Amino acid sequence: MYTGPLRSLIDELGRMPGIGPKSAQRIAFYLLKAPLEDVTRLSNAIVVMKERTTLCSICFNISEGGGLCDVCDDAQRDGSILCIVEDPRDIVAVERTHRFKGRYHVLHGALNPLEGVGPDQLKIAELMERVGNEPIAEVILCTNPNLEGEATAMYLAKLLSRTDVSVTRIASGLPVGGDLEYADELTLGRALDGRTDLTTVRDGSTTI
Amino acid sequence: MSLFSDRGVVLRTYKLGEADRIVVILTEGHGKIRAVAKGVRRTTSKFGARLEPLSHVSLLVWSGRSDLDIINQAEIVDTFRTIREDLDRVPKGISLLEVADQISQEGLADPRLYQMLVGALRALSDTAWNPELVAPAFFLKVLGLEGSAPVLDACASCGARPSSSIGRDSDRHIAAERTPERATEDEAGDLVELVAFDLVVGGMLCQGCRRGRAVSAEALDLMRRILNGSLSGVLRGVQPGSEEVTQIATEAMETHLDRRLRSVRSAVGA
């Protein structure tokens, strides 16, 4: 129905994840009506992002211009604790908690036998190299709590058990604000397995 | 447009949009279905871990005009936690799901395949049983269900039978197809030994027709026991010839499907 540049823009937008033909059409018409400077700014942002964004040579997080990422570049970070995540977006999620001051390692995926993703497709060899070369005391396995993430965590735990580092897994349980009666058996079971003792004295004061 | 309830095993999932997933489920009464689980990737999702691959669930599904159904409710029948939490069992469990996904058809109920899958997952999650032979036994049984069970009691090429198998009911149709010359040789006392497995003809071959993979007597016996109703005996303890049977069953299934089984070839459990 549409021809020329408009058709080609709709086609390109439609190739993006989560954008169907209708959404692509809506965005294309928005851009058609938007001021030229807005559209130029957007197109420049896309090109600059693509040209300048690289992966950090240490942790494989997103970085800029071939250098280290903000976390690896920060001398205040605790280099003895390494948090393993599947995706750079997971770093943002962990950082939002303001509870972790260590460093990261991004695997860029999880083991997925159905999709043919094995250890060689992930940054696992690089992780083992870091563990061998850096003064790391603890590795936190922060992969997603789904079948692929759990398999990845088990695989890494097995590999890392041959080293001297302590290997921990993020706790699994109920979301804050959720209802117990809607909890599934697997999650509730794990929440019970990982229950904490509220009478334990921590930092000189009881937690309850 | 209708609402239906059924039981099923989650075979695989795909991300959809911001927080949804498309869930592929082998159900007992409706065959393989593809349904949307809305908001399942959110931590506050009412579905939680229920719609993860390997989960055996009871479902309430809305079937509308779209190709994709919508999951309204899901309750756990079995999580198969033993499989999920054992690095050696995970790839085996996933290989069962991969084969069930490839064999089953959307909207075509196959209660026997469903029951075999649930039975295999139960066997794999039972720590009293040896997990090594569960997947190959499932592959062989599914081939039987598909009408492609490997020929194990006679030469799949010339029809000659070893003397030990003469008289078995399962061989009568093969014996009937044998050439008169070959039949005369057997009756004259020519002992035939089945020594190789050929994927193209789909069964064992005698010394004279030999090609393909060499097969030991232990492996042949194991495959016969799996297909002749002695599976529970096979799964108790370590069996000689297990590795051969695993290779043969995997290759036979791959030949039947005309594709590689990614989960079996995965190095996750290594």
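Residues numbered from 1 in each chain as written. Chains lettered and ligands numbered in written order. Predicted model: local features only at pLDDT ≥ 70, side-chain atom pairs only at ≥ 80, totals over all residues. Heavy atoms only, no water.

1. Some words on the overall build of chain A
Logical step 1: Within chain A, the regular secondary structure consists of seven helices and eight strands.
Logical step 2: A burial count over chain A gives 33% of its 208 residues as buried.
Logical step 3: Relative to all contacts within chain A whose residues are 6 or more apart in sequence, the contacts with residues 24 or more apart total 45%.
Logical step 4: Of the side-chain charges in chain A, 22 are positive and 30 negative, and the distance between the mean point of each set is 5 Å. (Helix = DSSP H or I, 4+ residues; strand = E, 2+ residues; numbered from the N terminus. Buried < 20%, exposed > 50% of the residue type's maximum accessible area, 1.4 Å probe, protein only. Contact = heavy atoms within 4.5 Å. Lys, Arg positive; Asp, Glu negative; His and termini not counted. Charge placed at Lys NZ, Arg CZ, Asp CG, Glu CD.)

2. A look at the sheet that holds strand β6 (residues 194-198) of chain B
All names here are of chain B.
Logical step 1: Strand order in the open sheet made by the three strands is β7-β6-β8, with antiparallel pairing throughout. If you trace the sheet from one side to the other, it starts and ends with β7 (203-206) and β8 (213-214), each paired once.
Logical step 2: Note that β6 and β8 share two bridges and pair antiparallel. What sits directly across from alanine 196, in β8, is alanine 214. (Pairing = 2+ DSSP bridges.)

3. Notes on the pairing of strand β3 (residues 78-85) of chain A
Residue and element names in this part refer to chain A.
Logical step 1: Pairing of β3 with strand β4 (residues 102-106), which is carried by five bridges, proceeds in the parallel orientation. What sits directly across from valine 85, in β4, is valine 106.
Logical step 2: The parallel pair β3 and β4, bridged by helix α4 (residues 88-95), forms a crossover whose chirality is right-handed.
Logical step 3: For β3 and strand β5 (residues 138-141), the ladder comprises four bridges, and the chain directions are parallel. Residue leucine 82 lies in a different strand from β5, and its bridge partner there is valine 139. (Right-handed = clockwise from strand over helix to strand, strands pointing away.)

4. Observations concerning the environment of A:Cys142
Residue and element names in this part refer to chain A.
Logical step 1: Along the chain, cysteine 142 turns up in the loop between β5 and α6 (147-160).
Logical step 2: C-alpha separation for the pair cysteine 142 and alanine 153, spaced eleven residues apart in sequence, amounts to 7.9 Å.
Logical step 3: Not counting the four nearest positions on each side in its chain, cysteine 142 is found in contact with Cys83, Ile84, Val85, Val94, Arg169 and Ile170.

5. A closer look at helix α7 (residues 185-193) of chain A
Logical step 1: Along α7(A), the residues classified as buried are A:Leu186, A:Thr187, A:Gly189 and A:Arg190. Taken down its axis, α7(A) places every buried residue within 160° of arc, on the same side.
Logical step 2: For α7(A), the secondary structure elements touched by its buried residues are α6 of chain A together with α1 (81-84) of chain B.
Logical step 3: N-cap assignment for α7(A): the residue whose side-chain oxygen lies 3.2 Å from the backbone N of A:Leu186 is A:Asp184. (Arc of directions from axis to C-beta. Polar contact = N/O pair within 3.5 Å; in protein donor to acceptor, adjacent residues only side chain to side chain.)

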